[in-house]
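Residue strings, one per chain:
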Amino acid sequence: MKHLSVQITLAACLAVTPVTAFAQPEGGQIQVKLLGTAVLPEGNITSVRTDTIGLPAGSQTKADNSVVPTIAAEYFLSPNFSVETICCITSHNVSGNGALAGANLIKNAVILPATITAKYHLNTGTAFKPYIGAGPSYFVIFGEDVDNSAQALGATSASLSNDLGFALQAGADITLNDKGLGLSIDAKRYFIDTTARFRAGTTTLLETKHRLDPWVISAGLAYRF
């Protein structure tokens, strides 16, 4: 009976081991992701610093959304800790809201969101591994043009300032097989501002500070090696 018990125990271990190995693969130290990403900024005016054109009371602005492909690269310092950066650029237009509804102000503003986050991965003992993260971000904004409504007010150029901010992150990696392939879903909330300036030649007509604070939602494939 003792030998039979040992045999049953060994058989059970052998049966469970492949499932456990698939559910909890350690994988390599590097993970790359190819994602589809929605960038959902705000763009509200938070303060007016210069106003020579006389903005009407209740004037507001908003930035439009953008959907782009992105690449993420991640390095695992341990099974539970990693650092990650992303590579993407997004293009946005800024239009009027409130008393400025219908006004076209800035077009084709391209944002490069240089971001690095430190992440903690929760080991659930399954193929589903959620994580949280946080880190600094620096928005480089270029290519912006003055749009027709701002031109009608005398502006010949428009610019949005680069700025330093912070990002919070949450998501999950889902293992698909033991070859390193997986799915990834990710959400980031950025906290970052920018300053808009409209000029006629070298004269500043309007200078306003804006809250961007975009949600950045991504999903796609991951490969760890």
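Note that the structure is predicted; figures quoted are calculated from it, not measured. (Residues numbered from 1 in each chain as written. Predicted model: local features only at pLDDT ≥ 70, side-chain atom pairs only at ≥ 80, totals over all residues. Heavy atoms only, no water.)

Student: Just to check I follow, could you spell out the layout of surface pockets for this structure?
Tutor: Approximately 320 Å³ is the volume attributed to the second largest pocket. Lining the second largest pocket are 29 residues, and of these Thr61, Val94, Leu105, Ile106 and Phe198 sit closest to its centre. When residues of the lining of the second largest pocket are traced back to their parent elements, those giving at least two are β3 (59-63), β6 (90-98), β7 (104-121), α2 (148-152), β13 (193-200) and β14 (203-211). Of the residues in the lining of the second largest pocket, the class split is 22 nonpolar, seven polar and no charged. (1 Å grid on protein atoms, 1.4 Å probe; cavity = no way out; pocket = protein on both sides within 12 Å on 5 of 7 lines; lining within 4 Å. Points joined across faces, edges and corners; volume = space filled by probe spheres on them. Helix = DSSP H or I, 4+ residues; strand = E, 2+ residues; numbered from the N terminus. Nonpolar A, V, L, I, M, F, W, Y, C, P; charged D, E, K, R; others polar.)

Student: Would you explain the nonpolar core in this entry?
Tutor: For soluble globular proteins, the rule of thumb is that nonpolar side chains tend to be buried together. If you look at the biggest cluster of nonpolar residues, it comprises 26 residues, and the most contacted ones within it are Ile106, Phe139, Ile141, Ala155, Leu160, Tyr190 and Phe198. Top contributing element to this core by residue count: β7, with four residues. Setting aside its immediate chain neighbours within four residues, tyrosine 190 contacts Ile86, Thr115, Ser137, Phe139, Phe166, Ala167, Asp213, Pro214 and Val216. (Core = buried A, V, L, I, M, F, W, Y, C linked by side-chain atoms within 4.5 Å. Buried < 20%, exposed > 50% of the residue type's maximum accessible area, 1.4 Å probe, protein only. Contact = heavy atoms within 4.5 Å.)

Student: Explanation requested: the packing of aromatic side chains in the structure shown.
Tutor: Here a ring pair, both rings aromatic, is described through the centre-centre distance and the interplanar angle of the planes. Following the criterion strictly, the structure yields three aromatic pairs and no others. Relative to tyrosine 190, the ring of phenylalanine 139 has its centre 5.3 Å away and its plane inclined at 55°; by these criteria the two rings are tilted. With phenylalanine 139 in strand β8 (residues 128-142) and tyrosine 190 in strand β12 (residues 181-191), this pair connects stretches of sequence that are 51 residues apart. With respect to class, phenylalanine 139 is no different from tyrosine 190; both count as buried. (Phe/Tyr/Trp six-rings, centres within 6.5 Å; stacked < 30°, edge-to-face > 60°.)

Student: I would appreciate a short explanation of the environment of valine 83 in the present structure.
Tutor: Turning to its location among the elements, valine 83 is positioned in strand β5 (residues 81-87). We classify valine 83 as partly exposed; its relative accessible area is 30%. Sequence-distant contacts of valine 83, defined by excluding residues within four places in its chain, comprise Ala73, Glu74, Tyr75, Leu77, Thr117 and Ala118.

Student: Please explain the side chain of aspartate 173 as it appears in this structure.
Tutor: In this fold, aspartate 173 is placed in strand β11 (residues 163-175). By relative accessible area, aspartate 173 is classed as buried at 11%. Separated by 3.3 Å, the side chains of aspartate 173 and serine 184 make a polar contact. Contact partners of aspartate 173, with chain neighbours within four places excluded, come to Gln31, Lys33, His121, Ala127, Phe128, Lys129, Tyr131, Leu183 and Ser184. (Polar contact = N/O pair within 3.5 Å; in protein donor to acceptor, adjacent residues only side chain to side chain.)

Student: For this particular structure, what's the right way to read empty space enclosed by the protein?
Tutor: To find the voids left in a structure, one rolls a probe of water-molecule size over its atoms. Scanning the model with the defined rule gives two cavities of 30 Å³ or more in all. Quantified by volume, the largest cavity comes out at close to 110 Å³. Taken together, 13 residues form the lining of the largest cavity, with Val39, Thr90, Phe139, Pro214 and Val216 sitting closest to its centre. Of all the secondary structure elements, the ones that give two or more residues to the lining of the largest cavity are β1 (30-40), β6 and β7. Considering only residue class, the lining of the largest cavity consists of ten nonpolar, three polar and no charged. In this structure, the second largest cavity occupies an estimated 80 Å³ of space. For the second largest cavity, the lining is made up of 14 residues, of which Leu35, Ile86, Asp186, Lys188 and Ser218 are closest to its centre. Going through the elements one at a time, β1, β4 (66-76), β5, β12 and β15 (215-224) are the ones with two or more residues in the lining of the second largest cavity. Class assignment of the residues belonging to the lining of the second largest cavity gives a composition of six nonpolar, four polar and four charged.

Purely geometric stuff here, so don't read any function into it on its own.
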